[in-house]
Amino acid sequence: MFWVLLLLLAWAVAGTACTRLCLAAVHSAAADTGREHDLTLYEAAFLSGGPRRVAELTLVSMARQRRLLLARTGWATVVDPRGRDDIERSVIGAIGPEGQSRIEPVRDAAAGAEAVGTLAERLVRAGLAVPAGARTNIAAAVRQVQFAAAVVLALGATALLLPGASDLPRHLVALWFGLPLTLTLSCLAIARVEIHPYSRWASPAGQRLLTALTRHRGAGDRAYLTTVAVHGIRAIGEPDLRAAFEHREQAWRD
């Protein structure tokens, strides 16, 4: 009856992993209480691409207003040193007192600025952004269930391969081990359907607002910046401005 001990171990591993995944999913669902409101461009940028997208949007916006020069060589130069909000002031501060810097370090510094952190906290409190640990917890729980499924398979194979391990027919032993295996695979399937809608940054409520924003983006400069906020620098239309960001990426990788 040694196989019974292996079966109990399989149930313990499967039950623990599936319970953790269910708790992580419940906590994430409880956070999905987003309040409906009109997103700002900064909020749309964060929900679409995180802090770096906010910094990119700010650079593009200031460049289009001729308050910042983004050269094709990948350098940013301050034209108007007066920022209109905390995020713009963070970008200007990241460029430095000389008023000129490469775009990549400016973007990184602006993305990590306190103003962007405050924006993120506000979106999390509103239920529109995914809390920092939520995605990590769910991902870790999914990996644990995947590991549990592999353990159940290994324990079942061990029980079947041990000579004289049971008086039961082997197909009945396999059936008993198939129960915890079915539990783990079912949890993974449900998690794939229920948790998949979460993006890296936006909660389901945040994604709904992003969808509404893209449907009613309007026209003119606001529409252009909305596209950049949602889709990133690949949505930039001006050749010179696009070249500035592309040069930045190539130079930084080199």
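Look up: the structure comes first, before these words.
My aim in this report is to walk through the structure given alongside it, one point at a time.

About the thresholds
Residues numbered from 1 in each chain as written. Predicted model: local features only at pLDDT ≥ 70, side-chain atom pairs only at ≥ 80, totals over all residues. Heavy atoms only, no water. Disulfide = S-S within 2.5 Å. Helix = DSSP H or I, 4+ residues; strand = E, 2+ residues; numbered from the N terminus. Buried < 20%, exposed > 50% of the residue type's maximum accessible area, 1.4 Å probe, protein only. Pairing = 2+ DSSP bridges. Axes fitted to C-alpha atoms, helices over the stretch in contact; angles between N-to-C directions. Parallel < 35°, antiparallel > 145°, perpendicular 65-115°, else oblique. Left-handed = near helix turned anticlockwise from the far one by under 90°. Contact = heavy atoms within 4.5 Å. Nonpolar A, V, L, I, M, F, W, Y, C, P; charged D, E, K, R; others polar. Phe/Tyr/Trp six-rings, centres within 6.5 Å; stacked < 30°, edge-to-face > 60°. Lys NZ or Arg CZ within 6 Å of the ring centre and 35° of its normal. Patch = residues over 30% accessible without salt bridge, like charges linked within 9 Å, V, L, I, M, F, W, Y side chains within 5 Å. Areas by Shrake-Rupley, 256 points an atom, 1.4 Å probe, with all protein chains shown as cover. Salt bridge = Lys/Arg side-chain N within 4 Å of Asp/Glu carboxyl O.

Observations regarding the state of the cysteines
Within this structure, the stated rule accounts for zero disulfides. Cysteine 18 provides the cysteine sulfur closest to cysteine 187, a residue in no disulfide bond, and the two sulfurs are 3.2 Å apart.

A few points about unusual backbone geometry
Positive phi is not limited to glycine here, since arginine 66 has a value of about 60 degrees. Note on placement: arginine 66 falls in the loop between helix 2 (41-64) and strand 1 (68-70). The exposed category is assigned to arginine 66, whose relative accessible area is 64%.

Some points on the pairing of strand 2 (residues 75-78)
Sheet faces and side chains relate simply in a regular strand, where the side chains alternate between the two faces. Burial of the side chains of strand 2 is restricted to one face: Ala76 and Val78 are buried, whereas none of Trp75 and Thr77 on the reverse face is. Bridge count for strand 1 against strand 2 is three bridges, and the pairing is antiparallel. Paired with leucine 69 across the two strands is threonine 77, which belongs to strand 2. Between strand 1 and the antiparallel strand that follows it, strand 2, lie four residues; glycine 74 among them carries a positive phi value of about 90 degrees.

Let's talk about the packing of helix 2 against helix 3 (residues 86-95)
Relative orientation of the contacting elements helix 2 and helix 3 amounts to 60 degrees, with a least axis distance of 10 Å. The orientation of helix 2 relative to helix 3 falls into the category oblique. Crossing angle aside, the handedness with which helix 2 passes helix 3 is right-handed. Contact residues: helix 2 offers Tyr42, Val54, Thr58, Leu59 and Met62, while helix 3 offers Ile87, Glu88, Val91 and Ile92. Across the contact of helix 2 with helix 3, the residue classes tally to seven nonpolar, one polar and one charged.

Section: the packing of aromatic side chains
Summed over the entire model, instances satisfying the criterion amount to one aromatic pair. One cation-aromatic arrangement involves arginine 64 over tyrosine 224; the distance from NZ or CZ to the ring centre is 3.9 Å.

Some thoughts on a nonpolar patch on the surface
On the surface, Trp11, Leu168, Trp176, Leu179 and Leu183 cluster together into a nonpolar patch covering about 430 Å² of accessible area. With three residues, helix 7 (residues 170-194) is the single largest residue contributor to the nonpolar patch. Within the element layout of this structure, leucine 179 appears in helix 7.

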